[in-house]
Amino acid sequence: MADEIKLEEYNDRFEEFFNQVKENPSYDSVKIRHAYELAKAAHKNQKRRSGEPYIMHPVAVAKILFEMGMDNECIIAALLHDVVEDTKYDIDFIREQFGDDVALLVDGVTKLTQVPLTTSEEIQAENIRKMFIAMNQDVRVIIIKLADRLHNMRTLQYMPVYKQRQKSLETLEIYAPIAHRLGIRAFKEELEDLAIRYLDPVAYHEIESSLALKKDEGKAFLDDITSQIESRLTPIIKNCKITSRVKSVHGIFRKIYIKGKNFEEIYDIYAVRIIVDSMIDCYNALGIIHDMFIPLPGRFKDYISTPKPNMYQSLHTTVLYNGVPCEIQIRTWDMHRTAEYGIAAHWKYKLGKGGSDKLDASLQWINRMLENENQDDSAELISNIKGDLSIDEIYVFTPKGDVKVLPKGSTVIDFAYAIHSAVGNRMIGAKVDGRIVPLDTVVSTGQIVEVLTSNQQGKGPSRDWLNIVKTSEARSKIRSWFKKERREENIIQGKAEFEHELKRNFIRFEDNVKYEQFLQRAAERQRFLNVEDLYAAIGYGGLKISRIMPGLKDEYNRNWKENREEAQIEVPTAESANKESTKSSGGVIVEGIDNCLINMARCCNPLPGEPIVGFITRGHGLTIHRRDCKNVPQDLEVCPEPERWIMARWDDKIKIEARSTVSIYAINREGVVADITAAMSGAHIKMSAMNAREINDGNCITTITFAVNGKEHLEAIIKMLYKINGVYLVERQDG
């Protein structure tokens with residue numbers, strides 16, 4: 001009885017929403033009521049974690065979409081979006097009751113399984129593929145999914161803590177960027193704020209507290225500047241609406257915790273929005289604003305003449321009022337609807353069958369995603385998609401004034417391929433703002449980039465470009481060129497890489513017939529017709545040898561390894577381990593073994609002076625690990641195959657030169673890398689590799705591999721590095 005009363009209370013909520021629907025003649029209230037009754041019956045015995053009847057979730061999703069102004073089919077599909085997945089009704093029944101459009105949307109949302117970050121990369125990659133395929137068929141599918149995610153995030157407090165973090169990370173990396181690309185600002189900002197609340201609750205509450213402390217002060221400030229603007233604009237510009245807002249928590253979080261700014265350094269915490277009737281009124285209003293207040297240099301952006309790829313248009317300027325920076329946004333009513341609801345304001349079915357060139361252009365990125373993500377490496381696919389969805393974008397101009405939008409960190413090569421694949425393939429150089437620059441130059445917003453090309457036949461990209469480019473679009477086009485134009489070269493390159501990896505992993509064959517059979521089996525496992533196709537794929541970068549090597553090693557050890565290889569090296573046994581040994585091999589003394597092939601584990605690179613342990617590697621002698629290595633069990637007596645672990649120690653009488661790698665984090669001041677290099681050189685330390693790069697605003701990381709003679713030597717080097725001005729962290733990367 002109590003449940004029935006509770007359900008009636010929730011029915012009243014639907015009736016309130018339904019009354020709003022009935023007032024709008026563009027909606028079929030009879031079908032919407034039918035969809036609700038069907039969903040309520042289907043979900044009758046289901047409840048959410050909060051304890052409320054499950055039917056209130058699809059009702060909440062439908063209400064979110066109704067408030068956006070979505071169409072009749074979208075509202076019905078929202079009410080039914082969980083029916084096919086969770087109840088006895090199938091998609092054919094939905095099609096029979098509500099038509100093909102609703103069935104397509106419900107089926108699309110049903111197939112959009114979650115993008116869980118805790119599962120394998122292959123499953124995650126497949127789910128992302130499904131998402132973009134569904135978006136390409138009808139973008140309303142992902143809008144329903146975004147509304148579904150928004151309501152789930154609003155009720156996330158009822159989920160376990162690990163689920164809260166998983167859903168929030170997924171929301172921040174996938175769903176909020178998609179909402180941004182579709183231009184749905186309201187979805188994007190609320191999804192980001194809710195995600196940060198669970199991912200970093202301390203920072204979230206700190207920002208909330210800072211905003212609360214300034215709440216009265218901020219309200220007075222916004223009321224004052226708004227009234228002044230209103231009194232000046234309304235006599236000149238008719239039908240002018242002026243509103244104000246405070247920056248979202250996530251927006252402030254990015255500037256403070258990612259870009260390293262102080263709360264007081266954020267210029268757009270406060271913003272005033274001016275909405276007018278026409279584009280001419282926008283520029284007239286801008287002139288009046290700049291006459292009233294002092295504009296901050298470099299803070300003016302004209303997104304009306306150069307719209308964002310999600311169709312966003314507005315004038316942005318930042319002015320000083322009573323010493324406080326305030327952002328002013330000026331736009332028309334049509335621009336405002338697009339800014340709030342993005343793609344939802346420009347449906348093809350609203351614009352007629354001919355569609356809209358503007359709409360088509362704004363959705364091209366979905367097609368590019370589908371074209372560029374056809375690759376075998378799931379980890380790279382996921383990384384590329386997250387990078388391409390990045391909200392940090394730059395706007396770069398061609399010499400003719402065309403705008404290309406790229407992810408932050410893109411190079412001139414990315415820019416060339418964004419123009420056209422033929423331009424990128426024939427690129428031999430680039431000019432930025434009239435000056436010739438290297439091909440790895442990173443471009444910034446507002447720069448004019450001219451791509452220099454060659455008319456020479458056969459000229460194409462370099463393989464090194466794959467390590468330079470930022471976008472998956474450029475990487476995909478480079479690989480495609482090598483795949484089509486350089487097959488023979490790819491085969492030679494791929495064969496060399498493949499054979500090198502076999503040697504490095506001790507995979508050897510004396511019998512050529514068996515080796516050819518092994519190669520053919522390896523090609524078939526990767527779905528290639530022959531070995532040459534396998535080599536070619538490795539050569540042009542379509543297949544990473546590191547991804548298939550674990551499977552090849554397993555195949556070799558189980559089916560192809562020859563017994564006589566086992567006899568080439570005397571492998572320690574449990575019986576021999578009981579004997580005492582005083583002789584060292586390779587600077588290491590192993591209990592019970594006089595002579596044995598010793599290998600240092602690459603996972604932890606043990607150094608003289610550190611506690612070590614040996615692991616018997618069948619056919620390859622003994623591998624020495626640090627005792628605290630992540631691959632060494634804590635308790636060797638109860639681990640799997642305890643007989644293969646043997647106690648070992650360093651021979652103090654023998655000096656050994658080992659290699660170690662450290663990462664040095666520092667403030668990115670001028671000359672910091674030179675100071676690090678000078679310090680290492682001054683200490684007569686032999687360096688074998690060095691890499692330096694910027695990691696975020698104002699910081700950099702330098703990774704160095706060098707020779708050391710023991711643990712104490714390494715500690716002394718790290719202590720020396722800490723003395724360099726600007727260095728705040730030195731981390732050992734071995735293990």
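Residues numbered from 1 in each chain as written. Predicted model: local features only at pLDDT ≥ 70, side-chain atom pairs only at ≥ 80, totals over all residues. Heavy atoms only, no water.

Brief notes about helix 9 (residues 140–154)
Turning to step 1, where the next piece is worked out: Helix length check: helix 9, at 15 residues, gives a terminal C-alpha distance of 21 Å against a target of 21 Å (1.5 Å per residue), a fit within 8%.
Turning to step 2, where the next piece is worked out: Of all the 15 residues making up helix 9, 13 are buried; the element is thus mostly covered by neighbouring parts of the structure. (Helix = DSSP H or I, 4+ residues; strand = E, 2+ residues; numbered from the N terminus. Expected span 1.5 Å × (residues − 1). Buried < 20%, exposed > 50% of the residue type's maximum accessible area, 1.4 Å probe, protein only.)

Side note on the environment of Asn599
Turning to step 1, where the next piece is worked out: Relative to the elements of secondary structure, Asn599 occurs in strand 14 (residues 598–600).
Turning to step 2, where the next piece is worked out: Judged by relative accessible area, Asn599 falls into the partly exposed class, the value being 23%.
Turning to step 3, where the next piece is worked out: Each C-alpha atom, one on Asn599 and one on His625, is 9.2 Å from the other, the two residues being 26 residues apart in sequence.

Description of the sheet that holds strand 20 (residues 699–708)
Turning to step 1, where the next piece is worked out: Pairing in this open sheet of four strands is antiparallel, and the strands run 19-20-18-21 from one edge to the other. Two strands lie at the open edges of the sheet, namely strand 19 (687–696) and strand 21 (727–732), each paired on one side alone. Between one strand axis and the next, the sheet turns by 20° as a mean value, whatever way the strands run.
Turning to step 2, where the next piece is worked out: Bridge analysis of strand 19 against strand 20 gives eight bridges, and the strand direction is antiparallel. Paired with Glu694 across the two strands is Cys700, which belongs to strand 20.
Turning to step 3, where the next piece is worked out: Most of the contacts of helix 29 (residues 672–682) go to strand 20, to which it runs at about 15°, and overall it touches strand 18 (658–667), strand 19 and strand 20.
Turning to step 4, where the next piece is worked out: Helix-sheet contacts for helix 30 (residues 711–722) involve strand 18, strand 20 and strand 21, and the interaxial angle to strand 21 is about 160°. (Pairing = 2+ DSSP bridges. Axes fitted to C-alpha atoms, helices over the stretch in contact; angles between N-to-C directions. Contact = heavy atoms within 4.5 Å.)

Points about the packing of aromatic side chains
Turning to step 1, where the next piece is worked out: The tally for this structure, following the rule as stated, stands at 18 aromatic pairs.
Turning to step 2, where the next piece is worked out: With centroids separated by 6.0 Å and ring planes inclined at 70°, the aromatic side chains of Tyr303 and Tyr312 adopt a geometry described as edge-to-face.
Turning to step 3, where the next piece is worked out: Of the residues examined, Tyr303 reaches a relative accessible area of 11% and is grouped as buried.
Turning to step 4, where the next piece is worked out: Here Tyr312 falls in the buried class, since its relative accessible area comes to 11%. (Phe/Tyr/Trp six-rings, centres within 6.5 Å; stacked < 30°, edge-to-face > 60°.)

Remarks on the pairing of strand 16 (residues 622–626)
Turning to step 1, where the next piece is worked out: The buried count for strand 16 comes to five of five residues, which makes it a mostly enclosed element.
Turning to step 2, where the next piece is worked out: Both faces of strand 16 are covered, namely the face carrying Leu622, Ile624 and Arg626 and the face carrying Thr623 and His625.
Turning to step 3, where the next piece is worked out: Relative to strand 16, strand 14 runs parallel, the two sharing three bridges. Of the residues in strand 16, the one forming a bridge with Ile598 is Leu622.
Turning to step 4, where the next piece is worked out: In terms of strand pairing, strand 15 (residues 612–616) meets strand 16 through five bridges, oriented antiparallel. Paired with Gly614 across the two strands is Ile624, which belongs to strand 16.

As for the sheet that holds strand 9 (residues 427–432)
Within a sheet, neighbouring strands are paired by backbone hydrogen bonds and run either parallel or antiparallel to one another.
Turning to step 1, where the next piece is worked out: Pairing within the open sheet is antiparallel, and its three strands lie in the order 10-9-11. Edge strands, defined here as strands with exactly one partner in the open sheet, are strand 10 (435–437) and strand 11 (449–453). Between one strand axis and the next, the sheet turns through 35° on average, direction left out of account.

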